[in-house]
Protein chains: 2
Amino acid sequence: MNPNGNPYPALSVPAREIPVPSSVSEQAQAILALGPLSPPVEYPPLDDAASWRGMIAAQAQAIREMTGGSGSTAGVRVEETSVDGACVYVITPDGIGPEDRRVYLEIHGGAFIHEGGEVCRQRGIDNARRIGARSWAVDYRMPPDHPYPTPLDDCVAAYRALLEQHRPEEIIIGGPSAGANLAASTILRARAEGLPLPAAAVLHSPVSDLTGSGDTRRTNLGLDNILTGQSMAPILLYAAGHDLRDPYLSPVFADFRPGFPPTLLLSGTRDLLLSDTVRLHRALRAAGVAAELHVWEAAGHGGFLGRAPEDEERTTEIKRFIDKHWAALR
Amino acid sequence: MNPNGNPYPALSVPAREIPVPSSVSEQAQAILALGPLSPPVEYPPLDDAASWRGMIAAQAQAIREMTGGSGSTAGVRVEETSVDGACVYVITPDGIGPEDRRVYLEIHGGAFIHEGGEVCRQRGIDNARRIGARSWAVDYRMPPDHPYPTPLDDCVAAYRALLEQHRPEEIIIGGPSAGANLAASTILRARAEGLPLPAAAVLHSPVSDLTGSGDTRRTNLGLDNILTGQSMAPILLYAAGHDLRDPYLSPVFADFRPGFPPTLLLSGTRDLLLSDTVRLHRALRAAGVAAELHVWEAAGHGGFLGRAPEDEERTTEIKRFIDKHWAALR
């Protein structure tokens, strides 16, 4: 038996030297040339909440130092509101008036443990500027203090609150990585609770399978410059003993029929979560969902740090997709 | 300088044991468990035409022995015709009458050197059965005796002959691997010659970049169970000294604007030509073409030998796509 539970022997792949490809932009080449951008993280034991809190705080501090503290709010207005115990940043780009009914519910990533608070706010601002629409960025509560189902509950509560002010066809839900997992699960939960569903979903490199069975978690290990380790610790901390195959935890196992909205999925050929992305795409397609897949050459988890033309291309695809699904409102 | 012509050092990826993934069907697991299905091929020197002919004949003989000679024609009628020196098999599934105007121009694969003659005929029959439509399978002439541009000329001639009997919106062009390269180039050449363009294109794991710069040619080497080597020899034999970046040889460098038809692209996460596929998808999208990408988990070049549910899923996507683009005819 191998770790995947099947009786087959493993495939031996020899050590290799992988040159920086010339098939990406010069900017992307320069980023790939840096190699892995961080060492694989050593996570604390699951029951050592204090160490997890310390690690999470240190990471937040590192991001703060890297970005020079609180980012700019130029070009947007930010309000804070609270929904059922979770903070939501309501971000309105300049020039967007109350008659513009479009709203994007942004669910941040960060392996279910990072990128809350200030980072959530700043990424929400960046995203709202990029897509040119009002955004709600949910600062959902997270482990170790708030494992599953609290993070998902917070996202569902934010969606429910949005529905008090908006028709469902005005709402698009999206997020990266763990945020894409929560975005998909929020829609599944909304459906189960009888809520009307949003116009569309945007899933960047979703974590769709918390059992970690995706093949590229292994084949792309060492090639993805962003996700440099394959530890399941943050996932196990989030799941807190719940069945990892539960569709609210691993949406790749969900039944998307009926009603799941049109979905955009984005990944890269070096993404550790390419398998999670293409498998979710297949599951959506099997259910007849209008799901679109886009994969960028040699891109790791999340692309090229926003510094390459490929990242602009990604934004262009997202804008085209959301504009199409918001078009009926105009 | 590395082989890709950029100044960066290579990324060292250590040797690894890759288990058979549990994220694919049992049938696909059993095929992946076989490991590489053939050793990398040793090709003759480019100027040794006799050895190439011998190698190509031996491969044809091996396929003949494997499939037990001439395959079944049950359920179809096959006629042979000749277009400008190349044979075309016209395959009509039972029940398709003259009032059914749909026709699929199938361009076979085989690294620009293999799968002509009897194999072309049999694959054409299999494909016509699968899609349930009349097909023209072009037995284009090949190297070493007929290098570029003859193979492409033959495909363009077949398309031109089809246009004498069909309106362009009745025609869909497709093929796998080298055949997908020729399918894309046939459409580009037809456009340049002022011909009307077909309704759609179906490109399975296209060879889109004959310079071989695609990243997965290296990252998926040893993982793809079908394409087990990365020799460029057959490509160089085909190109016969022409510029490998010429868009008729490497359609990824083409300008697809205006008029290139809607295109379906299919690949797998272990496909050596995943990069060729996603880069062509991006080039088409950048030109505003309605191009759709589908990628199967852990699939190598061409899928799972037609023996897994994933292969049926691929057929389902193809049928949906072509039926949609033929729908106006009904």
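Residues numbered from 1 in each chain as written. Chains lettered and ligands numbered in written order. Predicted model: local features only at pLDDT ≥ 70, side-chain atom pairs only at ≥ 80, totals over all residues.

(A) Geometry of the overall build of chain A. The number of helices and strands found in chain A is nine helices and 10 strands. Counting only C-alpha atoms and orienting by the principal axes, one finds that chain A spans roughly 60 × 45 × 45 Å. Every one of the 330 residues in chain A was classed for burial, and the buried ones make up 51%. (Helix = DSSP H or I, 4+ residues; strand = E, 2+ residues; numbered from the N terminus. Buried ≥ 20, exposed ≤ 12 C-beta atoms within 10 Å, placed from the backbone.)

(B) Region of the structure containing the interface of chain B and chain A. Chain B puts 45 residues into the contact, and the matching count from chain A is 45 residues. For the side of chain B that touches chain A, the elements supplying multiple residues, two or more each, are β1 (11–13), β2 (16–18), α6 (216–219), α8 (274–286) and β10 (291–296) of chain B. Of the residues in the side of chain B that touches chain A, the class split is 19 nonpolar, 17 polar and nine charged. Bridge count between strand β1 (residues 11–13) of chain A and β2 of chain B: three bridges; the pairing is antiparallel. (Contact = placed C-beta atoms within 7 Å. Nonpolar A, V, L, I, M, F, W, Y, C, P; charged D, E, K, R; others polar. Pairing = 2+ DSSP bridges.)

(C) Inspection of the packing of helix α4 (residues 150–165) of chain A against helix α5 (residues 178–192) of chain A at higher detail. Residues and elements named next belong to chain A. α5 packs onto α4 with a crossing angle of 65 degrees between their chain directions and a minimal axis gap of 9 Å. α5 is crossed by α4, and the crossing has right-handed handedness. Together, Pro 151, Leu 152, Cys 155, Val 156 and Tyr 159 of α4 and Leu 182, Ser 185, Thr 186, Arg 189 and Ala 190 of α5 make up the contact between the two elements. Along the lines of polarity and charge, the residues of the contact of α4 with α5 split into seven nonpolar, two polar and one charged. (Axes fitted to C-alpha atoms, helices over the stretch in contact; angles between N-to-C directions. Left-handed = near helix turned anticlockwise from the far one by under 90°.)

(D) Geometry of the relation of the copies chain B and chain A. It takes a turn of 180 degrees to lay chain B on chain A, together with a shift of 0.0 Å along the axis; the resulting RMSD is 0.0 Å. Taken together, the rotation and translation describe the operation of a two-fold axis. In terms of proximity to the rotation axis, the leading residue of chain B is Ala 15 of chain B, whose C-alpha is 1.9 Å off the axis. Of the interface residues in chain B, 100% have counterparts in chain A that sit at the interface too, so the contact is made through matching surfaces. (Least-squares fit on C-alpha atoms with pLDDT ≥ 70 in both.)

(E) Region of the structure containing the pairing of strand β5 (residues 103–107) of chain B. All names here are of chain B. Within β5, five of the five residues are buried, which leaves the element mostly enclosed by the surrounding structure. Covered by surrounding structure in β5 are Val 103, Leu 105 and Ile 107 together with Tyr 104 and Glu 106, the residues of both alternating faces. Sheet analysis places β5 next to strand β6 (residues 134–139), joined by five bridges and oriented parallel. Its bridge partner lying in β6, Leu 105 is registered against Trp 136. With respect to chirality, the unit in which β5 leads through helix α3 (residues 118–131) into the neighbouring parallel β6 is right-handed. (Right-handed = clockwise from strand over helix to strand, strands pointing away.)

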